[in-house]
Structure formats: C-alpha cells, structure tokens
Amino acid sequence: MFPALSFNKVSKTFKVRAKSVEALSDITFDIHEGEIFGLVGPNGAGKSTTIKIALGMLGGYTGDVRIYGNSAEDSNARRHVSYVPESPSLYEQFTPNELLKTALEIHKVDKASHARLRNLWLERLSLEAVASKRLRTLSKGTVQRVALAHALIVSPKLLVLDEPLSGLDPVGRKDVIQILRDYKQSGGSMLLTSHVLYDVEELADKFGFIQDGVLEIAKNPNSLLMDVAAPLFSVRYHSLENLTPDGVELRAGLYEMTVPQDELINFLGWLNERQGLLISIKPFVSLESAFLAKVRQA
Amino acid sequence: MMGVPEYTVGLRLCIRIGFLKILAGFCLGLAGAAWLAGEFSGRQPATVALDVGLSFAHFAILLLGIVFAQELFAKEFERKYSLITLSYPISRRRFVLARFAAAYTLLIGSCLAMALSLVIATIFVSQSYEQARVVDLGLPYVWTWCLIALEAFFVLALATLFACVARSQAFVLLSTVGLFVVARSFSAMLSLIEMDRTLVEQPGHYQVGLETIGFLLPDLSAIDIRAASLYASMTFVPENWWLSSLSVLFYALMLLSIAIFIVDRKDLI
Ligand SMILES: Nc1ncnc2c1ncn2[C@@H]1O[C@H](COP(=O)(O)OP(=O)(O)OP(=O)(O)O)[C@@H](O)[C@H]1O
Ligand SMILES: [Mg+2]
C-alpha cells in the first residue's frame, strides 16, 4: 500500500537574481491513507512550496515526491487529489454552481449524480443563497467556502489545503472544521498548513513543524512541552488600579502578568477578591517556540 | 470535442466576456462599413464594399484572437486561476491545446458570421448600382475566407505564445499587433524598395533587414487572395499562395509548440 503522499529528501532552492534562497532542505515525510498531516510554520517557512511541489506546480527540486506511488510530476497522479490554495482565486465571472459543475466534469464524475452532489455541497457550506451569483460579487470568506466545496465535491482521496482557516470568522471556522472532521471520518487523507498550531491541532494525527525549510515531525505536539520546566502562563486582566507591581500595564486598565502553572489557581482567587476582570490565559511558552528551540538544539 | 471538459471551460470563459455581443458588433460594423464605402465610391461600389469589409474582418479577427488568448492564458496565470486549473489531473499540454481549440472554434464561428454579413452587405450594394465587372461571391470568396481562417490560426498561436510568457495583458496586445503588422507588410516594403532604390538611403541595409524578418515571420500578405473575389479574376492574386499557406500553417504550429513547451516548464507561483 502506497502512502497518499510521500516526500523523500526533497530540497528546493529559489534563485532570485544573484541570491539563492533554500526554501526546502532535505524534507522527508509520509502521509498514509486516512492520515491528517498538519504542517505548521511561520511566514516564509516553506509550507506553500511543499504543497506546490506535491502538486507538480514547481519544478527544479531534488529528491522524490510521490502521490499514491506515482511521480508527482505526472498529472495523472492527481486523479483523486483536490487542492485549495491560500486565498484562492476562482473564475470571478463564473457562479459557484458553474464552478462546481466544472470540477465534476473534469474529474469525470458520473453525470447522473451532478445535481445531487451540487445541492449537497452548496447546502453543506451554506452557499445556496449565492449559488447563481457571480463569484466577483461574493465576500472573501464566501469565496473560500466555494473553493472548499469545489475541492470536496469530487470526493478526493487526498485533500491539500493551504491555510484553510485564515481569513474566516469564528462561525465560519467552526463550520469548516466540522466539515473537515467529517471528511476525516470518511477515511480521507489530508495535508493542511497553518502558521499556528492551534488551527491544525484538533484535526491532525501527525504534525510537521517547518522553519527556514527544515522540517521536524512529531506524532504528538504536546510531548514537546513536557521538556519545558515549570510551564509559564501569560495572564491578562482588567482592573481599575494597579494591583501588584508585577503586572505590566499594556494600556489604561489592561494588565499582563506571567504566572507559573502551580500558582495559577491561587492567582485567580486573588484576582477575584480584588475584583479584577480576567481577560485571557495563554501558555507563555508556545508549542511552536518550544518546538523550534528543540530544532535549533538538534 | 464537446466531451472534453477543458474545451468546454474554454468556450464558457470566452463566451462569458461577452463574445456574442462583440461578434454581433463586429458583424454590424463590418456590414455598415462595407455599405458606406460602397455607397460613397463612384465606380465599382461592390468591389469597394467587399474590399473594405474584408479589411475590417482581418482587423476584427486579430482583435478577437488577442482577447481570447488574454482571457484563456494571460489572465489564467496573472490572476493565479492556474493554481486550481493546473491542479486538476490534466497535463499542461492538454490544457493549452484544449483552450486553443476552444478559442479557434469561436474564431471560425466568427469568420462564418462575418462572411455572411459581408455577402449580404455586398449584394445589397450591388443591387442599387450597375458595375462593369461584378464581384465573385462564389468559390473565390469561400477560399478567401478559408485563408482568413488560416491567418486567424496564426494570430491565435502568436497571441497564445505571448499570453503564456506575458507579465501583463497589455504586452500580449502590443506585441501581437506589432508582429501582425510586420508579418502583413514586410513583403510590400521589400518590393517597394526593390522597385524604387532611391526611396531610402542605403536600400541594401533595409533589404537585408526585411529579408531576415522573412525567415522569422510568415508572409501574411501572400495568403490574402481577396483579389480573386474582388475582380472575379486570378490576375492580382499573389503567386504561390498555397505554398505561402503551408508556410503560415507551419509557423503557427511552431508557435503553438513553443507555447506548450513554455507552459509545461512554467513554475506556478
Ligand atoms: N517564486 C519564488 N521565488 C523566490 N523565492 C520564493 C518563491 N516562492 C517562495 N520563495 C521563498 O521560499 C521561502 C518559502 O516560501 P513559502 O511560500 O513556501 O512560505 P510559506 O511557509 O508558505 O509562508 P506563508 O505563511 O507566508 O504563506 C520563502 O523564503 C520565500 O521567500
Ligand atoms: Mg504560504
């Protein structure tokens, strides 16, 4: 059984005038059938480059890339693959209906089921109301949902999503995550990227962290945090007066403070007594930075 | 062909930019220009009407070819539609060929529509006037249009090539029009210099330059056989027009192959 997608020692260097940028260096990973691979990294890390090589859009790399055992350079390898680019641009003079029809035709889906599938996916992504409007007139979030419907309507075996959640509001986000979860349930494989772990955490079975073209794979991202002694949290609160000299005033009435995990409960009780208003608690050492610290050590 | 989805998408994209309206406008404009020209020319109004109409058609086909290439290729890369289009399980060669075929289908359709409206305009003009020598709207007219369709093939291939390398759509327009004008006129300039060597200083230089162009571009004026239809005689038809036709076809296929080669190696960024 071939993996849905496999990268074997892939390196890619961009040459811009005299300078050369190593966008990927010696990347190796497999996405097995039914597996969801979350690729996380900051801007310019090499996420999109990885995706474009997988889809045969970039040449001039070294190493071997295969989709279900076929070379990624062969267009036939993409028979069961769908892709949503980051901030996708879709034919703006088409309607969502026409775009979905095009996808079905190109993937040679049986004509008899076209109408049923179209209605199904328009409904699933709440696009019924805009189904026959020109894409030019739709909002960015709506276009993103159309792109997702366009990718899913052909029942792909491998779904490739470049930052699918960026640009969505909380409700849209929840919908999309639910849809991707259903896709996972149905046995599909997926490669999705984000610049924050938070986005891919609930979906992925396997995590890749990439920076400056270097990739590290982790089965469980939280294992990384265990290495960090006494986790710290950054707490924000509102208060009318400065309750403690440790709190840094960010702007009038908004304070931030770093609290170790074992003191967190006490701190919250103390804050409550003084009628401070809790705004947020965030891990001070993020998974990303813990991870990257580890990569640099290696 | 209709069963090939990339081809249908190509048709749909061209029709979406208002192709039918543009074509209707061209047909009316062509008939109107032909009729006016016939009306105001003292002698041989039908010949003049036909001549003006055919010139208009060459121009219209050039513009349509450029617009199609911009829509189907330049815009595709410029607006990054290609990220999705070329992620489909379709080879790049097939993508180019299917879209080219779609655009060419519409160009052929345009030729038919314009040929018909020109016939109507010319008949209309010749009814009101007596002309010593009548135009021939039979086989010579059909052949004239067949070669316009061949020119359309070349123009579309040229525009497609430019659209596949272009950074901007204006580049496609300017370079295609530029090379089209050169391909249509260099042989006329060449014969002009040969006829009158006092026309320019150092005519030898110009001659060498123009002859070099002759290797790079086909001679489009050599496949313009409208004279056969205008004067109902073969006297003024370019010699060896069929040989020139083969050369135009050859050049067009070359350009198309280069376009495929380039798209095949293009990085989508
Ligand atoms: N076409 C290109 N020409 C030159 N350099 C490029 C090109 N595409 C990407 N790069 C470089 O390669 C590196 C990786 O870029 P890539 O687009 O893969 O990053 P990314 O992880 O997708 O970032 P983002 O989160 O901003 O989308 C960057 O340093 C970028 O500048
Ligand atoms: Mg990116």
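Located above this text is the structure these notes cover.
About the thresholds
Residue positions are counted from 1 within each chain, in the order its sequence is given. Ligands are numbered from 1 and chains lettered from A, in the order in which they are written. Note on the predicted model: pLDDT of at least 70 is required for a residue's local features to be given, and 80 or more for side-chain atom pairs to be given and counted; whole-chain, interface and lining totals, by contrast, use all residues. Values reported for side chains reflect all heavy atoms of the structure, with hydrogen atoms and water molecules removed beforehand. Should any heavy atoms of two residues lie within 4.5 Å, those residues are considered in contact. Buried area: the accessible area, evaluated with a 1.4 Å probe, that two parts lose upon being put together, summed over both parts. Whenever Lys or Arg places a side-chain nitrogen within 4 Å of a carboxyl oxygen from Asp or Glu, that contact is recorded as a salt bridge. Any pair of N or O atoms that falls within 3.5 Å is considered a polar contact. Within protein, one atom must be able to donate a hydrogen and the other to accept it, and sequence-neighbouring residues count only if both atoms are side-chain atoms. A run of DSSP states H or I qualifies as a helix once it reaches four residues; a run of E qualifies as a strand once it reaches two. Both are numbered from the N-terminal end. Think of a 1 Å grid over the protein atoms and nothing else: a 1.4 Å probe that fits but is trapped marks a cavity, an open set flanked by protein within 12 Å on at least five of seven lines marks a pocket, and residues with an atom within 4 Å of a point count as lining. Grid points are joined across faces, edges and corners, and a volume is the space filled by probe spheres set on the points. Basically, the charged four are Asp, Glu, Lys and Arg, the nonpolar ten are Ala, Val, Leu, Ile, Met, Phe, Trp, Tyr, Cys and Pro, and anything else, Gly included, counts as polar. To sort residues, take the accessible area from a 1.4 Å probe on protein chains only and compare it with the maximum for the residue type: under 20% means buried, over 50% means exposed, and anything in between is partly exposed. The near set for a molecule or strand comprises every residue that places at least one heavy atom within 4 Å of it. Pairs were defined over the aromatic rings of Phe, Tyr and Trp, the Trp ring being its six-membered one, requiring ring centres within 6.5 Å. Orientation was assigned from the angle between planes: stacked under 30 degrees, edge-to-face over 60, tilted for the rest. We call two strands paired when DSSP finds no fewer than two bridges between them. Every axis in this analysis is a line fitted to C-alpha atoms, fitted for helices over the stretch in contact. Angles between the N-to-C directions lie between 0 and 180 degrees.

**Focus: the interface of chain B and chain A**
With 26 residues of chain B at the interface, the matching set in chain A holds 26 residues. Of the roughly 2,600 Å² buried between chain B and chain A, counting both surfaces, carbon and sulfur atoms make up 55%. Measuring nitrogen to oxygen at the nearest pair gives 3.5 Å for the salt bridge that ties A:Glu105 to B:Arg12. Remark: the boundary between chain B and chain A carries 18 residue pairs in polar contact (both at pLDDT 80 or more). Broken down by secondary-structure element, the contributors of at least two residues to the side of chain B that touches chain A are α1 (5–16), α3 (45–78), α4 (82–85) and α5 (92–128) of chain B.

**Notes on the layout of surface pockets**
Residues and elements named next belong to chain B. Its boundaries defined by the atoms lining it, the largest pocket holds a volume of some 450 Å³. In terms of lining residues, the largest pocket is bounded by 14 residues, among which Phe77, Arg167, Lys266, Asp267 and Ile269 are the most central. Considering each element in turn, the lining of the largest pocket owes the most residues, three residues, to α3. By residue class, the composition of the lining of the largest pocket is six nonpolar, two polar and six charged.

**Digging into the pattern of salt bridges**
Taken as a whole and judged by the stated rule, the model has 18 salt bridges over all chains. B:Arg79 serves as the salt-bridge partner of A:Glu92, at 3.5 Å between the closest nitrogen and oxygen. Placement of the pair is A:Glu92 in the loop between β6 (81–84) and α2 (96–106) and B:Arg79 in the loop between α3 and α4, with the two residues belonging to separate chains. The partner of B:Arg16 in a salt bridge is A:Glu98, and the shortest N-O contact between them spans 2.6 Å. Of the two residues, B:Arg16 sits in helix α1 while A:Glu98 sits in helix α2, which places them in two different chains. Judged by relative accessible area, which is 27%, B:Arg16 ranks as partly exposed. Overall, the relative accessible area of 16% leaves A:Glu98 in the buried class. Within this structure, B:Glu151, B:Arg184 and B:Asp224 form a network of salt bridges that share partners.

**Considering the side chain of A:Asp199**
Residue and element names in this part refer to chain A. Within the fold, Asp199 resides in helix α6 (residues 197–201). Of note is the side chain of Asp199, whose polar atom sits 3.1 Å from the side chain of Ser194. Once residues within four sequence positions are removed from consideration, Asp199 is found in contact with Leu165, Arg173 and Ser194.

**Comments concerning the site of ligand 1**
All names here are of chain A. Inspection of the region around ligand 1 gives 15 residues, with Gly44, Gly46, Lys47, Ser48 and Thr49 positioned closest. A distance of 2.7 Å separates an oxygen atom of ligand 1 from a polar backbone atom of Gly44. In this structure, an oxygen atom belonging to ligand 1 sits 3.3 Å away from a side-chain N or O atom of Glu86. Listing elements by their share of the shell around ligand 1, those giving two or more residues are β1 (5–16), β2 (19–31) and α1 (47–54). Its residues assigned to classes, the shell around ligand 1 comprises seven nonpolar, five polar and three charged.

**Quick word on the packing of aromatic side chains**
Residue and element names in this part refer to chain A. According to the stated counting rule, one finds 16 aromatic pairs over all chains in the structure shown. Each ring, one from Phe7 and one from Phe29, has its centre 4.8 Å from the other, and the planes form 15°; the classification is stacked. With Phe7 in strand β1 and Phe29 in strand β2, the pair connects residues that are 22 residues apart, well separated along the chain. Accessibility classification places Phe7 together with Phe29 in one group, the buried group.

**Thoughts on the sheet that holds strand β9 (residues 206–211) of chain A**
Residue and element names in this part refer to chain A. Ordered by their spatial adjacency, six strands build an open sheet running β6-β7-β8-β3-β9-β10, and the pairing between neighbours is mixed. The open sheet is flanked by β6 and β10 (214–218), the only strands paired with a single partner. Adjacent strand axes in the sheet meet at a mean angle of 15°, parallel and antiparallel pairs treated alike. With four bridges joining them, strand β7 (residues 158–161) and strand β8 (residues 189–194) adopt parallel strand pairing. Within β8, the residue paired with Leu159 across the bridge is Met190. This element, α1, spans β3 (36–40), β6, β7, β8 and β9 of the sheet and lies at about 150° to β8. This element, helix α5 (residues 170–185), spans β3, β7 and β8 of the sheet and lies at about 155° to β7.

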